[in-house]
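Overview (structure and organization)
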Amino acid sequence: MKLKSTSKTRRCKNQKGANILESALVLLTVLGMFLFIMDMGRILLIQQFITERARATVRSAVVNNWTAAATQNYLVYNSTTAPNGGGAGFLGLQTSNVTYQTLGTSGTPDYMLQVKVSGVPAVTWIPYISKTYTLAPITAAMPAQSLGATN
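Residues numbered from 1 in each chain as written. Predicted model: local features only at pLDDT ≥ 70, side-chain atom pairs only at ≥ 80, totals over all residues. Heavy atoms only, no water.

For Thr67, the location among the structural elements is in the loop between helix H1 (2-64) and helix H2 (68-77). For Thr67, a relative accessible area of 53% corresponds to the exposed category. Along the sequence, Thr67 and Gln101 sit 34 residues apart, while their C-alpha atoms lie 10.0 Å from each other. A distance of 3.3 Å separates the side chain of Thr67 from the backbone nitrogen of Ala70, its partner in a polar contact. (Helix = DSSP H or I, 4+ residues; strand = E, 2+ residues; numbered from the N terminus. Buried < 20%, exposed > 50% of the residue type's maximum accessible area, 1.4 Å probe, protein only. Polar contact = N/O pair within 3.5 Å; in protein donor to acceptor, adjacent residues only side chain to side chain.)

As structure tokens, this is what we get:
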């Protein structure tokens, strides 16, 4: 009987380090998954913010018949004029990231304005894949229903 209890105590002493190691591995995995989910959520949120900003900008450009420069400035700086020195605006956007295009013929029902935001950098902090990525281009288009009636 005594032999059995000594082998059991020996086994328990040998298992102490294994519990700590298993806990560390599980904690590391869970922490990595948590960081990945938070980082991807942050990138998707940035993408959604820029999409909504592009939609609001193209809507304002359609209603007010803005020029390309006014539209770019509004999307980046929330004003039709750039501040002194320009620089980075909303979420680090630059006016060079924004493309303004008219589609169709002015004065006809197929006349549309299109705003495209591309080349927006997104930084990830996930271990082993942390670097700067470029977000997918965002395009917002809207028919010019006012056809210049608001000027």
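Let's pick the thread back up.
Tracing the backbone shows Thr124 in the loop between strand S3 (121-123) and strand S4 (132-134). We classify Thr124 as buried; its relative accessible area is 3%. Taking C-alpha positions, Thr124 is 9.1 Å from Arg42, a pair spaced 82 residues apart along the chain. With residues up to four places along the chain from it excluded, the contact list for Thr124 reads Asp39, Met40, Arg42, Ile43, Ile129, Ser130, Lys131 and Tyr133. (Contact = heavy atoms within 4.5 Å.)

We now examine the nonpolar core. Counting residues in each nonpolar core, the largest one holds 24 residues, and the members touching the most others are Ile50, Leu75, Leu93, Val117 and Leu135. Contributing elements (two or more residues each) for this core: H1, H2, strand S2 (112-117) and strand S5 (138-143). Looking at this core element by element, the count peaks at 7 residues for H1. Apart from the residues lying within four places of it in its own chain, the contact partners of Val117 are Ile50, Ala54, Leu75, Leu93, Asn97, Val98, Ala136, Pro137 and Ile138. (Core = buried A, V, L, I, M, F, W, Y, C linked by side-chain atoms within 4.5 Å.)

So, on to a nonpolar patch on the surface. A cluster of nonpolar residues, Phe36, Ile37, Tyr128, Ile129 and Tyr133, forms a patch on the protein surface that exposes about 590 Å² of accessible area. Along the chain, Tyr128 turns up in the loop between S3 and S4. (Patch = residues over 30% accessible without salt bridge, like charges linked within 9 Å, V, L, I, M, F, W, Y side chains within 5 Å. Areas by Shrake-Rupley, 256 points an atom, 1.4 Å probe, with all protein chains shown as cover. Salt bridge = Lys/Arg side-chain N within 4 Å of Asp/Glu carboxyl O.)

Do not read the predicted coordinates in detail wherever pLDDT is low. Residues at a pLDDT of 70 or more form 85% of the chain, whose mean pLDDT is 85. Mean pLDDT values for the elements of the chain range from 85 in H1 up to 94 in S2. (pLDDT = per-residue confidence, 0-100.)

Judged by pairing direction, the sheet is antiparallel, and its 3 strands sit side by side in the order S1-S2-S5 without closing on themselves. Every other strand in the sheet has two partners, leaving strand S1 (98-103) and S5 as the edge strands with one partner each. Taking the axes of each pair of neighbouring strands and ignoring which way they run, one obtains an average angle of 15° across the sheet. Bridge count between S2 and S5: 6 bridges; the pairing is antiparallel. (Pairing = 2+ DSSP bridges. Axes fitted to C-alpha atoms, helices over the stretch in contact; angles between N-to-C directions.)

A word on the pattern of salt bridges. Tallied over the full model, the rule gives 2 salt bridges. In this structure, Arg42 engages Asp39 in a salt bridge whose closest nitrogen and oxygen atoms are separated by 2.8 Å. Of this pair, Arg42 and Asp39 both sit in helix H1, separated by 3 residues, roughly a single helical turn. Given the relative accessible area of 24%, Arg42 is considered partly exposed. Its relative accessible area of 4% is what places Asp39 among the buried residues.

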